[in-house]
Amino acid sequence: MDVRIGIGYDLHRLVEGRALILGGVMIPDGLGLLGHSDADVVLHALCDALLGAMGQPDIGELFPDRDPAWKDAESRVFVAEALARVRAAGYQVSNVDLVIHAERPRLGPHRDRIRGSVARLLGVAEGRVGVKAKTNEGVDAVGRGEAIACWAGVLLTQP
Ligand SMILES: [Zn+2]
């Protein structure tokens, strides 16, 4: 059986006047992530992991931020496209593991909602999605609360 592994990483700056959306879940915070689309750092990392597993171009190439079509786009659209490419290539998502780096807001209370949302977007059971929320121990831009980053790992298998 052919098995594919993929990793993805993304980071967006936290700014005033934007909604904070992580894994497709709106999180009330006062600050939000800056980006051309909705800047959902979790779904962007996830998309790159899915695309990378198949050796395909990354999210920045597929949905360039100079294209007005993606201005304020919901990142679930990017996930749907990546998932369609996974299926077209003859694979299914076996599992996903996500590490969200955020000093603020504290994500523990939102973790299960994010997990459920990602599972729904991928059409898999929640047991196939892992979500970990980590602070950056006050170090670096993430630790100063200036940005949120996310790592994603995926495993694709053939149905
Ligand atoms: Zn991004």
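Residues numbered from 1 in each chain as written. Predicted model: local features only at pLDDT ≥ 70, side-chain atom pairs only at ≥ 80, totals over all residues. Heavy atoms only, no water.

Asks: Teacher, can you tell me more about the packing of aromatic side chains here?
Replies: One pair of aromatic rings is described through two measures. These are the centre distance and the angle between the planes. In the structure shown here, the tally under the stated rule is four aromatic pairs. Aromatic pair Trp70 and Phe78: ring centres 5.7 Å apart, planes at 75 degrees, arrangement edge-to-face. Under the relative-accessibility criterion, Phe78 is labelled buried at 4%. (Phe/Tyr/Trp six-rings, centres within 6.5 Å; stacked < 30°, edge-to-face > 60°. Buried < 20%, exposed > 50% of the residue type's maximum accessible area, 1.4 Å probe, protein only.)

Asks: Just to check I follow, could you spell out the sheet that holds strand β7 (residues 147–157) for this structure?
Replies: Through backbone hydrogen bonds, the strands of a sheet pair up, either in parallel or in antiparallel fashion. Within the open sheet, the five strands sit side by side as β4-β1-β7-β5-β6. Their pairing is mixed. Both outer strands of the open sheet, β4 (31–33) and β6 (129–134), are each paired with one neighbouring strand and no more. Across this sheet, the average inter-strand angle for adjacent strands is 20 degrees, counted without regard to direction. Strands β1 (4–16), β4, β5 (92–101) and β7 of the sheet are contacted by helix α1 (residues 41–53), whose axis makes an angle of about 155 degrees with β1. (Pairing = 2+ DSSP bridges. Helix = DSSP H or I, 4+ residues; strand = E, 2+ residues; numbered from the N terminus. Axes fitted to C-alpha atoms, helices over the stretch in contact; angles between N-to-C directions. Contact = heavy atoms within 4.5 Å.)

Asks: Sorry if this is basic, but what is going on with the coordination of the zinc ion here?
Replies: Around a metal, the idealised angle for a tetrahedral arrangement of four donor atoms is 109.5 degrees; for an octahedral arrangement of six donor atoms it is 90 or 180 degrees. The protein atoms that coordinate the zinc ion are Asp10 (OD), His12 (NE2) and His44 (ND1), at distances spanning 2.0 to 2.1 Å. Between consecutive donor residues of the zinc ion, the sequence gaps follow D-x1-H-x31-H. His12 sits in the buried class, given a relative accessible area of 13%. (Donors = N, O, S within 2.8 Å, 3.2 Å for Na, K, Ca; no water.)

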